[in-house]
Amino acid sequence: MSGYLAAVIILTTLVLYCIYRCTKSNKEIAGTVRIVLTVLLIPVAANAVIATVDNRTVIYIAYIFYLIGTNLILGALIRYSLQYCDYDYPVAERIAYLVILADCISVCLNPVFGHVYELEQKSLNGDSIYYTLDSGWYHYVHLGLSFIIIMGLIAIFTTRMHRSSKLYMERYLVIGLVFVFDVIWEFISVFTKSRYNMSMLGFMGCGILIYFFSVRYHMFLITHQMFNKVFENFSNAAFFYDDKYNCLYMNPTSCKILDIKKGDLEKPKNFMLGFLKEYNVSGREEFFKRQVFVREDGEHVFWAEYKPVYDKRGIFLGAFVIMQDRTEEEKKIAEERYLATHDELTGLLSMNAFYDVAEERLKMAAPDTEYLMMASNIREFKLINDVFGRDAGDRLLKKIASLITELAGPDQAYARIAADKFVLLLPKKEFNEENVLARSREVLFLEENPEYPVVNHIGIYEITDRNIPIPSMVDRARMAISSIKNNLVQRVAWYEDEMRSSILWEQKVTGSLDEAMSSGQIVPYLQAQVDVNGKVEGAEVLVRWQHPEEGLMAPGRFIDILEQNGRIANLDVFMWEETCKILKKWKELGRDDLYLSVNISPKDFYFLDIYETFRGLVDKYDVEPKNLRLEITESIMMTDIEMKLQVIDKLRKDGFIVEMDDFGSGYSSLNLLKDMPVDILKIDMVFLRKTRDTERARIILQQIIKMAQKLIIPVITEGVETEEQVGFLTDMGCEMFQGYYFAKPISLEEFEKKNNVA
Ligand code: C2E
Ligand code: MG
Ligand code: MG
């Protein structure tokens, strides 16, 4: 008795626990399982009463509850089985419920008919009385019905089993077997006619098993199969380890990576242990590493992710490692990075990469090491490209690149930052100017034309302040190059602080010229030219820039700059046109007795067709060519003499008067005079300046004037500032004067006012 009771108590507790767990589960089937388990408690409770109470009536009623309870279990099992197997037979299900209901009613009528059972009183050892069930005919009907229903349920599971994949069969097989087990158990307990109802134990056992397999059980087999499929086709390597780093599993990719034969689990274990040791990690925490393997087919890069696995209590269970082959990606990234940081043609660093590297170098360099920022620039590289072709230009650039590499050595930072512009950061002590120039002369020539003088200018900024941004250092080195300008001999220039402001000024002048011309900032000033009697015959037109910030600027501040970059031609054409407008106005006012003389820069001959320009202007404004005097300087005769002589001839033939400006200030004024067909000589003011030997200057001046008289060329002397000067110049035979003594350059309005040009 006590053994039986203990079994009932334990199983009941377990059933109660299962009911509780069902309420926590979110599986759909758990609700039905809970009903099965709950109704299971009705016959269990009834049975407990039967086993413990000795009152006949109570036991009689308990049996009714017991039998109805078993019916309810059957009803719940029908619902459960259909739901578990995903079947839906509503008619059959309802019929079954009706049959069960009828059976319950029949059981309830037993007190009237006694067709189900009677109680039989028995005594144990003659003193303790107990009751056993004396089955009536209907009891067998009831058992038969139960048996049929259970068999029906077994049939449901059997068909379901046949219809499902092998992998899912276990799911139905297990529950089917539970039912078979229950039937057998039931038979045994009914026919052994033991004093205690054993079938209850069977019911509860089955209930617990149903709970377990329906709610708790995981389909490990299927999970395992799926998992295998995933990892077999996984492009990454996967290794699973137990807590002692024995390899539990590795996928085919792993075998390939580590060059391991399938089944050799020793190698991955050693690999893992070596891995943990190499990176000095405990293996108890996750980590991520970049791993390089050198295999027969080359170097491979992997990203390895290590993850330890713990149970709920935090006990280390093992670990898994996923390794991703990143070789191709890294190669691509490296290539892209190379392209982004290197110049394709020369293979040197590109501009931004140079800035970074140079900054890094200077940061790392010892503070007392002196550094130079050097820049180089090929003179007229565009011309080389145009004349000899791009390939020739490219070959030259490559030569410069290898020359820099050779001279600087592999450890320095150097780059090509633009077309023909190279930069180099070099410790000062490693720079040897003679050597650099000598090697440049040897190497830098054009195969197409070895005679062509390739000139590579080098600008150097000695880094005195390392905090200046690298681009500014490069700018300074390049400013030094600009200072070489047209010097044909100089190859190397060192940056000086003044260069900075002068270059900035140059940029400002060049950049604002167009706006200055269009907005009326560029204005003609007129300086009178007078005869011996002081009568104004005409004037020289001198440019002035009425600058909004700088005030009134004389040409000395900007003419040189514009001459160097060729913009002078724009300014001159503008000035000539302004002059023609004045002449036109004067003509209309009846003052075409006055002439104006304009300055022509030697550079104008490069950029303009001088003859056509002047011809066009006098035609356009309908002015007399003789009223437009043209001042040229002897320096125009340095190159293309023939062409320029022709231009001058043509202009003179058309009636323009050509003056030789600044005569006597150049190198070969006298020599030039021999060939130059000019109408007037403008003697430079140097002869009037205070010199160590004023007498000598005067003798020369006198001889020039005499010579001019012999050549029958009239003379104007510039820079006349005193009455005395006027006196001796007149005595010498000078017929025209220009200078502050008579008038300073003044605005058009003032000039017109002063000279009564109405
Ligand atoms: P330049 O053609 O020899 O002009 C004469 C310069 O001598 C003018 O200087 C004038 O102001 C200055 N001057 C005249 N009389 C005296 C004097 O008595 N004492 C002193 N100390 N100086 C005197 P400015 O206007 O500064 O022009 C300088 C130079 O700029 C000109 O020399 C000319 O070569 C150039 N220039 C002026 N305007 C133009 C222009 O429109 N186009 C071009 N290409 N050059 C121009
Ligand atoms: Mg002049
Ligand atoms: Mg002059």
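If you're wondering where the values come from, they're calculated on a predicted model, not measured in any experiment.

What follows covers the sheet that holds strand E3 (residues 237-242). Taken together, the five strands give an open sheet; going across it, the order is E4-E3-E7-E6-E5, and neighbouring strands pair in antiparallel fashion. Taken across any chain shown, the strands that pair with only one partner, and hence form the sheet edges, are strand E4 (247-250) and strand E5 (287-295). Across the sheet, the axes of successive neighbouring strands diverge by a mean angle of 25°, strand direction being ignored. As judged from the six bridges shared by E3 and strand E7 (residues 316-325), these two strands associate in the antiparallel manner. Along E7, the bridge assignment pairs Tyr-241 with Ala-319. Packing against the sheet, helix H12 (residues 327-341) makes contact with E5, strand E6 (298-310) and E7, and its axis sits at approximately 125° to E6.

Around the magnesium ion (ligand 2), the protein contributes the donor atoms Glu-540 (OE), Asn-599 (OD1), Glu-631 (OE) and Asp-661 (OD), which lie 2.0 to 2.3 Å from the metal centre. Site description for the magnesium ion (ligand 2): donor spacing in sequence, E-x58-N-x31-E-x29-D. Between the magnesium ion (ligand 2) and the magnesium ion (ligand 3), a separation of 4.0 Å is found, and both are coordinated by Asp-661. Of the two residues, Asn-599 is situated in strand E16 (residues 595-599) and Glu-631 in strand E17 (residues 628-633); the sequence distance between them amounts to 32 residues. Note on Asn-599: relative accessible area 24%, which makes it partly exposed. For Glu-631, a relative accessible area of 1% puts it in the buried group.

Moving on: the side chain of Ser-164. Tracing the backbone through its elements, the reader meets Ser-164 in the loop between helix H6 (137-163) and helix H7 (166-192). Contacts of Ser-164, omitting those with residues within four sequence positions, involve Met-169 and Tyr-172.

Taken together, the neighbourhood of ligand 1 is formed by 23 residues, with Gln-527, Asp-572, Asp-661, Glu-721 and Tyr-740 sitting nearest. Contacts to ligand 1 include Asp-572, whose side-chain N or O atom sits 2.7 Å from a nitrogen atom. The side chain of Asp-661 places a nitrogen or oxygen atom 2.9 Å from an oxygen atom of ligand 1. Elements supplying a minimum of two residues to the shell around ligand 1: strand E14 (536-547), helix H20 (568-588) and strand E18 (657-663). At four residues, the largest contribution of residues to the shell around ligand 1 is made by E14.

Moving on, we come to unusual backbone geometry. For residues besides glycine, phi is generally negative; the peptide bonds are generally trans as well. The backbone of Tyr-245 shows a phi angle near 65°, a positive value even though the residue is not glycine. A positive phi angle, near 50°, is found at Asn-280, a position not held by glycine.

A separate point is the coordination of the magnesium ion (ligand 3). Summarising the metal site, the magnesium ion (ligand 3) is bound by the protein donors Asp-661 (OD), Asp-662 (OD), Glu-718 (OE) and Glu-718 (OE), whose distances to it range over 2.0 to 2.6 Å. Sequence positions of the residues that donate to the magnesium ion (ligand 3) give the spacing D-D-x55-E.

Quick look at the packing of aromatic side chains now. The description of an aromatic ring pair uses the distance of the two centres, along with the angle that the planes make with each other. Tallying each qualifying case throughout the model produces 43 aromatic pairs. The interplanar angle of 80° and the centroid separation of 5.3 Å between the aromatic rings of Phe-231 and Phe-234 together place this pair among those described as edge-to-face. Judged by relative accessible area, which is 27%, Phe-234 ranks as partly exposed. With a centroid separation of 6.1 Å and 65° between ring planes, the pair formed by Phe-431 and Trp-494 is classed as edge-to-face. You can see Phe-431 sitting in the loop between strand E10 (421-427) and helix H16 (433-443) and its partner Trp-494 sitting in strand E12 (residues 492-494), a full 63 residues away along the chain. Members of the aromatic cluster, joined through ring pairs, are Phe-239, Tyr-241, Tyr-245, Phe-271, Phe-275, Tyr-279, Phe-287, Tyr-306, Tyr-310 and Phe-316. Across from the ring centre of Trp-505, 4.5 Å away, lies the NZ or CZ of Arg-557, which sits over that ring.

Contact geometry of helix H2 (residues 29-52) with helix H8 (residues 199-216) gives a least axis separation of 10 Å together with a crossing angle of 170°. As far as their axial angle goes, H8 and H2 are roughly antiparallel. Relative to H8, the crossing made by H2 is left-handed. Here Ile-29, Ala-30, Val-33, Leu-37, Leu-40, Pro-43, Val-44 and Asn-47 of H2 come into contact with H8, specifically with Met-200, Phe-203, Met-204, Gly-207, Ile-208, Ile-210, Tyr-211, Ser-214 and Val-215. When its residues are assigned to classes, the contact of H2 with H8 shows 14 nonpolar, three polar and no charged.

Right, let's talk about the sheet that holds strand E8 (residues 371-378) for a bit. On the basis of which strands lie adjacent, the open sheet formed by five strands has the order E9-E10-E8-E11-E12 and mixed pairing. Here the strands that pair on one side only, and so sit at the sheet edges, are strand E9 (413-418) and E12. For this sheet, the mean inter-axis angle between neighbouring strands, taken without regard to orientation, is 20°. Two elements, E8 and strand E11 (residues 456-462), share seven bridges in a ladder whose sense is antiparallel. Residue Met-374 lies in a different strand from E11, and its bridge partner there is Ile-460.

Quick look at the pairing of E3 now. Along any regular strand the residues' side chains alternate between the sheet's two faces. For E3, the tally of buried residues reaches six of six residues, placing the bulk of the element in the interior. Along E3, one buried face is formed by Ala-237, Phe-239 and Tyr-241 and the opposite face, lined by Ala-238, Phe-240 and Asp-242, is buried too. Where E3 lies against E4, three bridges are found, and the strand directions are antiparallel. Bridging from a neighbouring strand, Phe-239 pairs with Met-250 of E4. Linking two consecutive strands that pair antiparallel, namely E3 and E4, is a turn of four residues; a positive phi of about 65° is found at Tyr-245 within it.

Turning to empty space enclosed by the protein, a few remarks are in order. According to the stated counting rule, one finds one cavity of 30 Å³ or more in the structure shown. Considering only enclosed or pocket space, the largest cavity measures out at about 40 Å³ in volume.

Attention shifts here to the packing of helix H3 (residues 56-84) against H7. Running from N to C, H3 and H7 point in directions that differ by 160°, and their axes come no closer than 12 Å. Relative to H7, the element H3 lies roughly antiparallel. In the packing of H3 onto H7, the handedness of the crossing is left-handed. Counting all contacts with H3, which are made through Leu-77, Tyr-80, Ser-81 and Tyr-84, the residues of H7 involved are Arg-171, Tyr-172, Ile-175 and Phe-179.

Attention now moves to the pattern of salt bridges. For the structure on display, the rule yields 33 salt bridges. Notably, a salt bridge pairs Glu-330 with Arg-290, separated by 2.7 Å at the nearest N-O pair. Placement of Glu-330 in helix H12 and of Arg-290 in strand E5 is noted, with a sequence separation of 40 residues between them. Two residues, Asp-343 and Arg-416, come together in a salt bridge whose shortest N-O distance is 2.7 Å. Here Arg-416 lies in strand E9 and Asp-343 lies in the loop between H12 and helix H13 (351-364), a separation of 73 residues in the sequence. Both residues of the pair, Asp-343 and Arg-416, count as buried.

What counts and how
- Residues numbered from 1 in each chain as written.
- Chains lettered and ligands numbered in written order.
- Predicted model: local features only at pLDDT ≥ 70, side-chain atom pairs only at ≥ 80, totals over all residues.
- Heavy atoms only, no water.
- Pairing = 2+ DSSP bridges.
- Helix = DSSP H or I, 4+ residues; strand = E, 2+ residues; numbered from the N terminus.
- Axes fitted to C-alpha atoms, helices over the stretch in contact; angles between N-to-C directions.
- Contact = heavy atoms within 4.5 Å.
- Donors = N, O, S within 2.8 Å, 3.2 Å for Na, K, Ca; no water.
- Buried < 20%, exposed > 50% of the residue type's maximum accessible area, 1.4 Å probe, protein only.
- Near = heavy atom within 4 Å.
- Polar contact = N/O pair within 3.5 Å; in protein donor to acceptor, adjacent residues only side chain to side chain.
- Phe/Tyr/Trp six-rings, centres within 6.5 Å; stacked < 30°, edge-to-face > 60°.
- Lys NZ or Arg CZ within 6 Å of the ring centre and 35° of its normal.
- Parallel < 35°, antiparallel > 145°, perpendicular 65-115°, else oblique.
- Left-handed = near helix turned anticlockwise from the far one by under 90°.
- Nonpolar A, V, L, I, M, F, W, Y, C, P; charged D, E, K, R; others polar.
- 1 Å grid on protein atoms, 1.4 Å probe; cavity = no way out; pocket = protein on both sides within 12 Å on 5 of 7 lines; lining within 4 Å.
- Points joined across faces, edges and corners; volume = space filled by probe spheres on them.
- Salt bridge = Lys/Arg side-chain N within 4 Å of Asp/Glu carboxyl O.

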